[in-house]
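# Remarks on the overall topology
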Amino acid sequence: MRRALLFGGSGQIGRSLLARLQAERWQVWAASRQAREALPGVTWLPGDLGAPEAMAYLPAAVDAIFSLGPLDGFAQWYARAGVTAPRVIAFGSTSLQVKQDSADGHERELAARLRQGEATVFATAGSRDAAATLLRPTLVYGAGRDQTLSRIAALAARSGVFVLPRGATGLRQPVHVDDLAAAALAVVDAPASHGQAYALPGGETLAYREMVARTLAALRPPARLLELPAPLFGAAVRVARWSGRLQGLGDAAVARMRQDLVFDAGPAWRDFGYAPRAFAPSAEMLGQ
Ligand SMILES: NC(=O)c1ccc[n+]([C@@H]2O[C@H](COP(=O)([O-])OP(=O)(O)OC[C@H]3O[C@@H](n4cnc5c(N)ncnc54)[C@H](OP(=O)(O)O)[C@@H]3O)[C@@H](O)[C@H]2O)c1
């Protein structure tokens, strides 16, 4: 029986990976900051990557360590940890590339943290004769808990309408959480993936407005997409922010709706057979 140590097992991608590890009869130690319900083959451990000195009861050796939590915290923990593992699979994000030159300082900081986290994981693995693989998803959906499409779905379900600026035609590749979980498991036995970082886009490339239109069409009843001239949309966003009804949609994020964020799935397909699904969301996948 293979053994895994998992960080982020309670998260949207982590839940799918946990189910796959259980189905393949791995013995799993899963760290969480909260008490979690018991699952067959899974031992939950108290574990906060922000307070690694308090982490206890970790196994001394496992076949693989999976990180689906914050990459910077994991990288720092791994650099100091005594757990031995020949394979380390950690999730980063395509934000590393998308946000490195952002006009928003917080976004540039995030990109720098992701880059540093990846470098630390690779360096630590190298010094321990372990092989690390970094996985960078694009925009994630599927578990009804993501911050983009599920949020749009929740807002639209309440009002029956969702507003976008005209010209939101930047290309996107939404990726389903379970395709990411499958990828994390597939790389374990893929030697070509040792020491590599992969973009993991979804199986379809479509315009931002089309992605939102399909999201709204999946609702019961479907919601309507309203496209406003960009200056009018900008004014509406400023009013919504000022009144406290809108958070998390910065100017950089609005500008990116016109920008193509496209990544090549070819290397992941070649090295571990990555074949993500097309974008066909259901109300359940969007938390509705
Ligand atoms: N969602 C996206 O659109 C997206 C896009 C690109 C990349 N990613 C990356 O993919 C990975 C998984 O993302 P996700 O969306 O599935 O995550 P999520 O649903 O937001 O869940 C976060 C997970 O991280 C764990 N976690 C957070 N802080 C922690 C800490 N201090 N110590 C230990 N565990 C901690 C949480 O565990 P507990 O709450 O149980 O402690 C939870 O299981 C992350 O590395 C994320 O950056 C996500």
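Attention here is on the structure that accompanies the text. (Residues numbered from 1 in each chain as written. Predicted model: local features only at pLDDT ≥ 70, side-chain atom pairs only at ≥ 80, totals over all residues. Heavy atoms only, no water.)

### Describing the overall build of the protein chain
What the protein chain contains, in helices and strands, is ten helices and 13 strands. For 288 residues, the compact-globule formula gives about 19 Å, and the C-alpha radius of gyration of the protein chain, at 20 Å, lands near that figure. Judged by the C-alpha coordinates and their principal axes, the protein chain covers about 60 × 40 × 40 Å. Looking at the protein chain as a whole, 48% of its 288 residues qualify as buried. Contacts in the protein chain between residues at least 24 apart in sequence constitute 74% of all its contacts with a sequence separation of at least 6. About 13500 Å² of surface is accessible on the protein chain, with carbon and sulfur atoms providing 53% of the total. Side chains of the protein chain give 31 positive and 24 negative charges; the mean places of these two sets differ by 5 Å. (Helix = DSSP H or I, 4+ residues; strand = E, 2+ residues; numbered from the N terminus. Rg over C-alpha atoms; globule rule 2.2 N^0.38 Å. Buried < 20%, exposed > 50% of the residue type's maximum accessible area, 1.4 Å probe, protein only. Contact = heavy atoms within 4.5 Å. Areas by Shrake-Rupley, 256 points an atom, 1.4 Å probe, with all protein chains shown as cover. Lys, Arg positive; Asp, Glu negative; His and termini not counted. Charge placed at Lys NZ, Arg CZ, Asp CG, Glu CD.)

### Some remarks on the site of the ligand
If you check the shell around the ligand, you find 22 residues, and the closest are Ser10, Ser32, Arg33, Leu49 and Gly69. A distance of 3.3 Å separates an oxygen atom of the ligand from a polar atom in the backbone of Gly8. Ser10 is positioned with one of its side-chain polar atoms (N or O) 2.6 Å from an oxygen atom of the ligand. Protein contact buries 77% of the 890 Å² of open area that the ligand shows by itself. (Near = heavy atom within 4 Å. Polar contact = N/O pair within 3.5 Å; in protein donor to acceptor, adjacent residues only side chain to side chain.)

### Describing helix H4 (residues 105-127)
Helix length check: H4 (23 residues) gives 33 Å between terminal C-alpha atoms against 33 Å at 1.5 Å per residue, within 8%. Of all the positions in H4, only Glu107, Ala111, Leu114, Gly117, Glu118, Val121, Thr124 and Ala125 are classed as buried. In this structure, the buried side of H4 is in contact with helix H2 (71-80), strand E5 (87-91), helix H3 (95-98), strand E6 (131-137), strand E11 (196-200) and helix H9 (251-256). One side-chain oxygen of the residue at the start of H4 lies 2.8 Å from the amide nitrogen of His106, identifying that residue as Asp104. A positive phi of about 60° marks Asp129, the residue just after H4. (Expected span 1.5 Å × (residues − 1).)

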